[in-house]
Amino acid sequence: MDKIEKALFPLYEFAVNRAGVGIHAIDKNGRTVIYNHKMKAIEGLELEEVADRSIIELFNFNQEESTLLKVLQSGIEQLNVKQTYWNRKGNEITTINDTYPVFSNGELIGAVEIARDVTALEKFILHPLRKNSDPVTFNQIIAASEEMQAVVSTALKASQAKLPVLLIGESGTGKDLLAESIHNEFSPVNGPFYTLFCHRSDESLIDRLDEDLTEHDAFTLFCDRIDLLSIPLQQKLFSFLKKAVQPGNQFIASIGDDPVELIAKGALLKDLYYFFASFAIRISPLRKRKEDILAFITSYLAKRRERFGSSLEGITTEVEELFLRYEWPGNMRELEFLLDEITSLASTESVITYDMLPLHFRMKSNGLNDTPLQDTDFVVQHQKDLLPLDQYLKDAEAYYLQKAMKLHEDNITKTAQALGMSRQNLQYRLRKLKNGRGD
Ligand SMILES: Nc1ncnc2c1ncn2[C@@H]1O[C@H](COP(=O)(O)OP(=O)(O)OP(=O)(O)O)[C@@H](O)[C@H]1O
């Protein structure tokens, strides 16, 4: 880099990090080289998790679904591509991306993606609860597990007491569903049900609450994910709520994490927490109440048969075992999306077999039933099916790291040194291995 370019670098860096759109650039090997602050906010990742890591590892999608990799392979730009996926923290993200190949002296040197976050807008327009126009009630909630039965029973009490409710649970665990069921359980039925999608809400949206809600005698306001509002906006919301408390008005909020932790790390205003916490209802992640997985599938397939005449009645034991082992970072929403995908492609089948699972899910769940890898697993033979390259590379990485750790008697510092990587990078990769070798 010559002198002038070096002097400009801090300016470029500043501009990239202050940009209101997410920017992600990869080099020709798929390694992340630019990942700005906005992208980090959109995808919920830390910088150390991204550095020196290939894009396939970072997200739960495969090459076919990653526009960056597609553009890198084709050298052709792709504009206005919508992507919905779950990031490593289990958050569902929808972005609209413009992705460009970058050439230097006629040679392809990488690709850059500019992402606009439309998660909030997407939810607003395509809110899953509005999929069918029937009012949502407790009958629609699958509660085969004891945990979920306790949740429903507390929610019923909350609807009778008509006190503010705080729903605590990861994304996709059914908080919206519960909020609307509580509202529809009120007797006499409350006025309108409003949802404030706090996911990157702005000031004007909270101002609009004043205009839109105060004209009703009674209403239910559901503040979806208040922990995603900035603290100044939480204060603004709290001021509005204090004014709006009147007999007949019902307030429900949701958060995605433990309130004590959220308050401690400055993500949740204590006042707002106390306002809603008369009834605090914790919904466990799906991986901790696995009975609900099969119950949901049975109910989903029954509805599908009734509404669309589908012939699917169940899943094979192999798929059942896989589903019960999988962690479901996107919880029930992820399971529902997966079933939507499978059933929309099914024709006359009566059971869902492993082959009917979409490739991205098979790749994600790959490795859940593996025994430790052997060196012979990496030998290419005529009679053996070839693995997709990135799966092979992942397996090879797992094997290599395990061997390297053993060689250095599990000493992280020495192993990292020997492998020419930082301790953090090695720790991250080992953690990933421990959580399932998949992706
Ligand atoms: N116990 C359940 N029974 C039936 N359907 C469920 C259940 N839990 C979740 N769902 C379905 O899963 C999808 C996601 O649920 P919902 O939107 O209520 O999750 P959420 O916790 O509010 O997510 P977020 O925090 O991302 O807003 C919805 O389509 C919902 O109907």
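Okay, so let's go over this structure. Owing to the predicted nature of the structure, the values given are computational and were not obtained by experimental measurement. (Residues numbered from 1 in each chain as written. Predicted model: local features only at pLDDT ≥ 70, side-chain atom pairs only at ≥ 80, totals over all residues. Heavy atoms only, no water.)

**What about the overall build of the chain?**
Here's step 1: A count of helices and strands for the chain gives 19 helices and 12 strands.
Here's step 2: In the chain, buried positions account for 45% of the 439 residues.
Here's step 3: In the chain, once contacts between residues fewer than 6 apart in sequence are set aside, the share between residues at least 24 apart is 66%.
Here's step 4: Within the structure as shown, the chain displays about 22900 Å² of accessible surface, and the carbon and sulfur contribution to it stands at 53%. (Helix = DSSP H or I, 4+ residues; strand = E, 2+ residues; numbered from the N terminus. Buried < 20%, exposed > 50% of the residue type's maximum accessible area, 1.4 Å probe, protein only. Contact = heavy atoms within 4.5 Å. Areas by Shrake-Rupley, 256 points an atom, 1.4 Å probe, with all protein chains shown as cover.)

**Structural notes on the state of the cysteines**
Here's step 1: Counted by the stated rule, this structure contains zero disulfides.
Here's step 2: Residue C223 stays outside any disulfide, its sulfur separated by 5.3 Å from that of C198, the closest cysteine. (Disulfide = S-S within 2.5 Å.)

**Quick notes on the sheet that holds strand 10 (residues 279-282)**
Here's step 1: Read from one edge to the other, the open sheet built from five strands follows the order 7-8-9-6-10, with strand pairing classed as parallel. Strands with a single pairing partner mark the edges of an open sheet, and in this sheet they are strand 7 (193-197) and strand 10. Adjacent strand axes in the sheet meet at a mean angle of 15° when their direction is disregarded.
Here's step 2: One ladder, built from four bridges, connects strand 6 (residues 165-168) with strand 9 (residues 250-255); its direction is parallel. Note on strand 9: the bridge partner recorded for V165 is I252.
Here's step 3: Set on the sheet, helix 7 (residues 146-161) makes contact with strand 6 and strand 10; between it and strand 10 the angle comes to about 160°. (Pairing = 2+ DSSP bridges. Axes fitted to C-alpha atoms, helices over the stretch in contact; angles between N-to-C directions.)

**Brief notes about the packing of helix 17 (residues 389-407) against helix 18 (residues 412-419)**
Here's step 1: Interaxial distance between helix 17 and helix 18 falls to 9 Å at its minimum, and their mutual angle equals 125°. Between helix 17 and helix 18, the crossing angle belongs to the class labelled oblique. Note that helix 17 runs across helix 18; the crossing there is right-handed. Between helix 17 and helix 18, the contacting residues are Y400, L401, A404 and M405 on the first element and I412, T415 and L419 on the second. (Parallel < 35°, antiparallel > 145°, perpendicular 65-115°, else oblique. Left-handed = near helix turned anticlockwise from the far one by under 90°.)

**So, the nonpolar core**
Here's step 1: Ranked by size, the top nonpolar core spans 30 residues in total, and within it L221, C223, I226, L237, L241 and F276 carry the most contacts.
Here's step 2: In terms of residues, this core owes the most to one element, helix 10 (residues 231-244), which gives six residues.
Here's step 3: If we ignore the near neighbours within four places in the chain, the residues touching C223 are L196, C198, L237, I252, A253, S254 and F276.
Here's step 4: Of all hydrophobic cores here, the second largest spans 23 residues; its members include I142, F296, L322 and F323. (Core = buried A, V, L, I, M, F, W, Y, C linked by side-chain atoms within 4.5 Å.)

**With respect to the pattern of salt bridges**
Here's step 1: Applying the stated rule across the entire model yields seven salt bridges.
Here's step 2: Ionic pairing is found between D227 and R225, a salt bridge with its closest N-O pair at 3.0 Å. By the burial criterion, D227 is buried, and R225 matches it. (Salt bridge = Lys/Arg side-chain N within 4 Å of Asp/Glu carboxyl O.)

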